[in-house]
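So the chains spell out like this:
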Amino acid sequence: MKRAGGAPWGLLALLALVCAVFTLLLPGRFATLGTLQSVLMQIPELGLLALAQMLALVSGGINLAVVASANMAGLAMAWVLVGGLGALGIDLSGHAGLLILAALAAGAMVSLLAGLASGWLVASVNAHPILVTLGTMSLFNGLCVWLTRGRPISGFPEAFQALGAGQWLGIPAPFWVFAATCAALGLYLGRTRHGLAICMAGSNAEAARFAGIDTRRVLIGVYTLSTLLCWVAAVLMMLRFNSASAGYAQSYLLVTVLAAILGGTDPMGGFGKVGGLFVALLILQVISSGVNLLGANAHLTQALWGATMIAAMAARHLLARWRGRTGRQRPSTSTPPCPP
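Residues numbered from 1 in each chain as written. Predicted model: local features only at pLDDT ≥ 70, side-chain atom pairs only at ≥ 80, totals over all residues. Heavy atoms only, no water.

**Here's the deal with the overall build of the chain**
When helices and strands are tallied, the chain shows 13 helices and four strands. Here the C-alpha atoms of the chain give a radius of gyration of 21 Å, agreeing with the 20 Å that 2.2 N^0.38 yields for 340 residues. Once the C-alpha set of the chain is aligned to its principal axes, its extents read approximately 70 × 60 × 35 Å. Burial analysis of the chain (340 residues in total) assigns 47% to the buried set. Considering only contacts in the chain between residues 6 or more positions apart, those separated by 24 or more positions represent 80%. (Helix = DSSP H or I, 4+ residues; strand = E, 2+ residues; numbered from the N terminus. Rg over C-alpha atoms; globule rule 2.2 N^0.38 Å. Buried < 20%, exposed > 50% of the residue type's maximum accessible area, 1.4 Å probe, protein only. Contact = heavy atoms within 4.5 Å.)

**Concerning helix α7 (residues 173-191)**
Since the α-helix advances by 3.6 residues per turn, residues separated by three or four positions end up pointing in the same direction. With 19 residues, α7 should reach 27 Å at 1.5 Å per residue; the first-to-last C-alpha distance of 27 Å fits that figure. What α7 keeps buried is the set Pro174, Phe175, Phe178, Ala179, Thr181, Cys182, Leu185, Gly186, Leu189 and Gly190. On an axial view of α7, the arc spanned by its buried residues comes to 160 degrees, and they lie on one face. (Expected span 1.5 Å × (residues − 1). Arc of directions from axis to C-beta.)

**A short note on the packing of aromatic side chains**
Taken as a whole and judged by the stated rule, the model has six aromatic pairs. Measuring from centroid to centroid gives 5.6 Å for phenylalanine 178 and phenylalanine 278, while their planes differ by 5 degrees, and the two rings are stacked. Within this pair, whereas phenylalanine 178 is found in helix α7, its partner phenylalanine 278 is found in helix α12 (residues 274-294), the two being separated by 100 residues in sequence. The buried category is assigned to phenylalanine 178, whose relative accessible area is 1%. (Phe/Tyr/Trp six-rings, centres within 6.5 Å; stacked < 30°, edge-to-face > 60°.)

**Observations regarding empty space enclosed by the protein**
Applying the stated criterion across every chain yields a total of one cavity of 30 Å³ or more. In this model, the largest cavity occupies a volume close to 50 Å³. What lines the largest cavity is Ala70, Asn71, Gly74, Ala234, Met237, Met238, Ser243, Ala244, Ser245 and Tyr248. For the lining of the largest cavity, the secondary-structure elements that each account for two or more residues are α3 (66-81), α10 (215-241) and β4 (243-244). Looking at side-chain class alone, the lining of the largest cavity contains six nonpolar, four polar and no charged residues. (1 Å grid on protein atoms, 1.4 Å probe; cavity = no way out; pocket = protein on both sides within 12 Å on 5 of 7 lines; lining within 4 Å. Points joined across faces, edges and corners; volume = space filled by probe spheres on them. Nonpolar A, V, L, I, M, F, W, Y, C, P; charged D, E, K, R; others polar.)

**Brief notes about the layout of surface pockets**
Its boundaries defined by the atoms lining it, the second largest pocket holds a volume of some 480 Å³. Lining the second largest pocket are 14 residues; nearest its centre among them are Ser251, Tyr252, Val255, Ser288 and Trp305. Elements that contribute at least two residues to the lining of the second largest pocket include exactly α2 (33-58), α11 (252-262), α12 and α13 (299-326). No other element matches the four residues that α11 contributes to the lining of the second largest pocket. Counted by class, the lining of the second largest pocket contains seven nonpolar, six polar and one charged residues.

**Describing the pattern of salt bridges**
In total, this model carries two salt bridges according to the counting rule given. Where arginine 240 meets glutamate 45, a salt bridge forms, and the shortest distance between an N and an O atom there is 2.9 Å. Of this pair, arginine 240 sits in helix α10 while glutamate 45 sits in helix α2; the two residues are 195 residues apart in sequence, bridging distant segments of the chain. Measuring nitrogen to oxygen at the nearest pair gives 2.6 Å for the salt bridge that ties arginine 209 to glutamate 206. Of this pair, arginine 209 and glutamate 206 are both found in helix α9 (residues 205-210), three residues apart, which corresponds to roughly one turn of the helix. Judged by its relative accessible area of 41%, glutamate 206 falls in the partly exposed class. (Salt bridge = Lys/Arg side-chain N within 4 Å of Asp/Glu carboxyl O.)

**Let's talk about the side chain of serine 118**
Relative to the assigned elements, serine 118 resides in helix α4 (residues 96-124). When its relative accessible area of 5% is taken as the criterion, serine 118 is described as buried. In contact with serine 118, not counting residues within four places along its chain, are Val132, Thr136 and Tyr223.

Following this line, the structure appears as structure tokens:
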């Protein structure tokens, strides 16, 4: 097991530094309530996809199909919402609540089947997760484009749109959904038997098997849960854009990996911190919003994201060497591998 560490103080310090820099560069424009609301509005979809990616990384794998899975679930829900059930002889047009529930159930079922299939291929066929999820990503994308001819599906009922329009304490409702999911996943990884089994399997699958852990079932559960998180992200994307498409959020894939690793997830598996991921997402979105307010080219955001990742990895390496020299490294078995 790998050392868990505590709160992400280094990331919090980096977040404070980034906020201070943009506040100085944009006096009276950056440090405003509007900027804060904008940051919190744009995080949830990317955040949920990053959580799905982090879960796969902790297990020692990767899920390249997170975006494709979200779009496929979104299109399934959109098809139901625009009256697709009518072709099956089911008319729910006069029952908005039942229609929304049916759409959510359709998206969840599609995601469940996709996750089970991916997990089974990774666990039973012994194919590398990169190859499995690359294949499922291509399959899902191809099916979605073929079925929709690449066109978005829009025109959802007003009752569905209203679900994402609320606020609490001035913070958009989708962000509260994301925050609640972070808390639940953190507790799941750090406090449940299956969550700890995921961390152990990711750290050393062979040792986990000798310890009596059914790593096959663990991996199937990981990819199933990862894809269900993509379903939640799909719901929020539909609420935000009032449409679903096979081409949405394609640029998010590599950012999910970036956010997870910046947040402290070990790319080799066995360790990940949901709290670190949460702060890392705030850092990335603050950089994006600050660059946008500066009026700079959008590609500068990607460059700064990459520079932030390189700087964070270098800082961690130097800190680890310093701790090793001073003898302040804690024993690796002192804490569970996956704290909240």
